[in-house]
Amino acid sequence: MAFRMISVGQKVVKFNRYRHQQGSRFPGAAFTHPSSRSYYHSNEALKPSEPEPEPELINADGSYPFHLYSKSQIVNIFSRYAPQLDHRPFVAAAEVFPMRVNNYVVENLIDWSNVPHDPIFKLVFPQPEMLLPEQLDRVRSSRTRLSPPQRQKLAEEIRATLNPHPAGQKEENVPMLDGISVEGMQHKYRETVLFFPMEGQFCHSFCTYCFRWAQFTSVGSDQQFKSKDQEALKHYLASHPFVKDLLFTGGDPMVMNSRTFARYVTPLLNNPETQHLQTIRIGTKSLAYWPYRYTHDSDAKALLNMFERIVNSGKHLSIQAHFSHPKELQTPQVQEAMKLIQMTGAVIRCQSPLIRHVNDSAETWSTMWNLQTRLGAIPYYMFVERDTGARDYFSVPLAKAYEIFNGAYAKLAGTARTVRGPSMSAGPGKIGLVGISTIHGEKVFVLKFLQARNPKWLGETFFAKFDPQANWLNDLKPAFGEKEFFFEPEYNDTSKNYPGSSGQRTYQCS
Ligand code: SF4
């Protein structure tokens, strides 16, 4: 895949011409569902069948042209797709928040007749309401008053007010190896290690609600976890036999080419030192944002072959697919990509945060989870939006999140009830809101550790006073007159006095 930043121009028009010639929104007829496992191994494997696309519409190597648009292209995109929209407030929002969107998303996922309300439009174009009115005014007026460096300074000043570095994001969870902290790795839960490959620290498009948003801007670039040290990864895993699960994350590891990905993974396969590693996971939004990664990119076949090698080595491969809205699952392109991944023996698990303006209805989630199940994927997590960025614009109160989760869950068949949530990935662990109840006359949130920094907390249930406005764990107060939650003394003590990786610490204590 060649990344190119271009203005909306001739190449995209050509790409669209093919779509229009097919007489449908998508070039759907070009995508067939393979019926045999050998589909992607044959020479024809990843090429669309009839009708053949026009040669000039794809690259010489059979890949689709990948075009990236940033804030400087907003005016062109709007004039082409949504001339009724005033581009200026959107350009102002994109001065503060990172923006990156590609041609697949623009042409296939956004319903331009429904902007500015379209959920995918809200997902990828920074929205003016993400800024306070006075912030928006300042940025807009700065375009004529201030020099570019002064405007950059203003944007940084505003970003700094948006909690760009939530507590502990950089410091907590970093393990040590031979007395030195391991860059680009987090080990929070004893059985699970997160690895941030250097080449995977950006995405095919950016989500406006991204909790790592600051890392894509000047105020947070030094906060990036990243490593290209595959030897350290192998050595660390070999030295920690309690680790069962390795998650490649980012950014999006699937922006890496297959050769780079193989460089990280291959040393872990068929290796007695890493035999204890059961599962390799890949956290990615590529299925939603660039499904051609698995069907048409020049190394798509090599990537799928690498997936199959992982599975054949005896490890479980799980694609942690980030789907924010059912629309992302409805195109022929994504359904084709999912099939090809599944044929390697990998399993697709789906997760997303609950986001106001994007997916804040039970109907949206039940549609999404039912469709995921029909496509052979596993609904896995509904997350609560974290405390950073334009949270006032995107966050859904916990009480409402519970109502949405339950409303959607009730419409699922048992096979789709694999999903957990709403879950907060908080400092002490993944905490699920599992009930709202009245106990001894007090209305309470019932919370449960789904994952825990201290394995002893796992599965523990605890209670917080019901608060209809609360958005996050920090907003909650213990119920029944308690002064603190049961885990707080230990959590506060270890955070203060024993910085570093809790996963490594609890492993050593076991
Ligand atoms: S795909 Fe993930 S890391 Fe990338 S912008 Fe979206 S939320 Fe952030």
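Residues numbered from 1 in each chain as written. Predicted model: local features only at pLDDT ≥ 70, side-chain atom pairs only at ≥ 80, totals over all residues.

The protein has the name L-lysine 2,3-aminomutase in an unreviewed UniProt entry, where Venustampulla echinocandica is given as its organism. Taken verbatim from the UniProt record of the protein, the Cofactor (unreviewed entry) comment is "pyridoxal 5'-phosphate". (UniProt positions renumbered as here; feature names shortened; annotations may be inferred.)

Caption draft 1: Representation of the site of the ligand. Near the ligand, the surroundings consist of Cys203, Phe206, Cys207, Cys210, Arg212, Gly250, Gly251, Asp252, Lys285 and His322. Here the residues of the shell around the ligand are counted per class, giving 4 nonpolar, 3 polar and 3 charged. (Near = placed C-beta within 6 Å. Nonpolar A, V, L, I, M, F, W, Y, C, P; charged D, E, K, R; others polar.)

Caption draft 2: Structural view of the sheet that holds strand 10 (residues 316–322). Strand order in the open sheet formed by 11 strands is 6-7-8-9-10-11-12-13-14-15-16, and the pairing between neighbours is mixed. In the strand order of this sheet, the two ends are held by strand 6 (185–186) and strand 16 (461–465), each with one partner. (Pairing = 2+ DSSP bridges. Helix = DSSP H or I, 4+ residues; strand = E, 2+ residues; numbered from the N terminus.)

Caption draft 3: Expanded view of helix 13 (residues 332–343). Helix length check: helix 13 (12 residues) gives 17 Å between terminal C-alpha atoms against 16 Å at 1.5 Å per residue, within 8%. Counting buried residues in helix 13 gives 9 out of 12 residues, a clear majority hidden from the surface. Pro332, Gln333, Val334, Glu336, Ala337, Met338, Lys339, Leu340 and Ile341 are the residues of helix 13 that are buried. Summarising the contacts, the buried residues of helix 13 are in contact with helix 4 (103–109), helix 10 (286–289), helix 11 (292–295), helix 12 (300–312), strand 10 and strand 11 (347–354). Following helix 13 by one or two positions, glycine 345 has its phi on the positive side, about 100°. (Expected span 1.5 Å × (residues − 1). Buried ≥ 20, exposed ≤ 12 C-beta atoms within 10 Å, placed from the backbone. Contact = placed C-beta atoms within 7 Å.)

Caption draft 4: Layout of the packing of helix 14 (residues 362–374) against helix 16 (residues 398–409). Axis separation between helix 14 and helix 16 bottoms out at 8 Å; the angle between their running directions is 45°. It follows that helix 14 is oblique to helix 16 by the angle criterion. The handedness of the crossing between helix 14 and helix 16 comes out as right-handed. Where helix 14 approaches helix 16, its residues Ala362, Trp365, Ser366 and Trp369 are matched on the opposing element by Ile404, Gly407 and Ala408. Class assignment for the residues of the contact of helix 14 with helix 16 results in 5 nonpolar, 2 polar and no charged. (Axes fitted to C-alpha atoms, helices over the stretch in contact; angles between N-to-C directions. Parallel < 35°, antiparallel > 145°, perpendicular 65-115°, else oblique. Left-handed = near helix turned anticlockwise from the far one by under 90°.)

Caption draft 5: Representation of the nonpolar core. Membership of the largest hydrophobic core comes to 120 residues, with the highest contact counts inside it found for Val105, Val124, Ile341 and Ala401. Structurally, this core is a two-domain feature, drawing no fewer than three residues from each of domain 1 (4–130) and domain 2 (387–510). (Core = buried A, V, L, I, M, F, W, Y, C linked by C-beta atoms within 7 Å. Domains from an automatic or database assignment.)

Caption draft 6: Quick peek at the pairing of strand 13 (residues 420–425). Pairing of strand 12 (residues 378–384) with strand 13 involves 2 bridges; the strand directions are parallel. Within the sheet, the bridge partner assigned to tyrosine 381 lies in strand 13 and is arginine 420. Where strand 13 lies against strand 14 (residues 429–439), 3 bridges are found, and the strand directions are antiparallel. What sits directly across from serine 423, in strand 14, is glycine 432.

Caption draft 7: Main features of the confidence of the model for the protein. Looking at the protein as a whole, the pLDDT averages 87, with 86% of positions reaching at least 70. Taken together, the stretch residues 5–56 has pLDDT below 50 and engages in 66 contacts with residues farther than four places along the chain or on a different chain. (pLDDT = per-residue confidence, 0-100.)

Caption draft 8: Focus on unusual backbone geometry. Omega for the peptide link from valine 115 to proline 116 comes to 10°, which places this bond in the cis form. Relative to the helices and strands, proline 116 resides in the loop between helix 4 and helix 5 (119–124). A cis amide bond, omega 20°, links glycine 250 with the succeeding residue glycine 251. Mapped onto the elements, glycine 251 comes out in the loop between strand 8 (245–248) and helix 9 (258–265).

Caption draft 9: Representation of the environment of alanine 288. Assignment of secondary structure puts alanine 288 in helix 10. Looking at alanine 288, the number of C-beta atoms within 10 Å reads 28, which means it is buried. For alanine 288 and histidine 204, which are 84 residues apart along the polypeptide, the C-alpha to C-alpha distance reads 9.4 Å. If near-sequence neighbours (up to four positions away) are discounted, alanine 288 is found in contact with His322, Phe323, Ser324, Glu328 and Val334.

Caption draft 10: Structural view of the pairing of strand 10. Two elements, strand 9 (residues 279–284) and strand 10, share 6 bridges in a ladder whose sense is parallel. By the bridge assignment, isoleucine 280 is partnered in strand 10 with leucine 317. In this sheet, strand 11 lies alongside strand 10 in parallel orientation, the contact comprising 5 bridges. Looking across to strand 11, one finds that glutamine 320 is bridged to arginine 349. Crossover connection from strand 10 via helix 13 to parallel strand 11: handedness right-handed. (Right-handed = clockwise from strand over helix to strand, strands pointing away.)

Caption draft 11: Molecular detail of the packing of helix 6 (residues 133–145) against helix 7 (residues 148–160). Closest axis-to-axis distance for the helix 6/helix 7 pair is 10 Å, and the angle between their directions is 170°. As far as their axial angle goes, helix 7 and helix 6 are roughly antiparallel. Of the residues in helix 7, those touching helix 6 at Gln135, Arg138, Val139 and Ser142 are Arg151, Leu154 and Ile158. Along the lines of polarity and charge, the residues of the contact of helix 6 with helix 7 split into 3 nonpolar, 2 polar and 2 charged.

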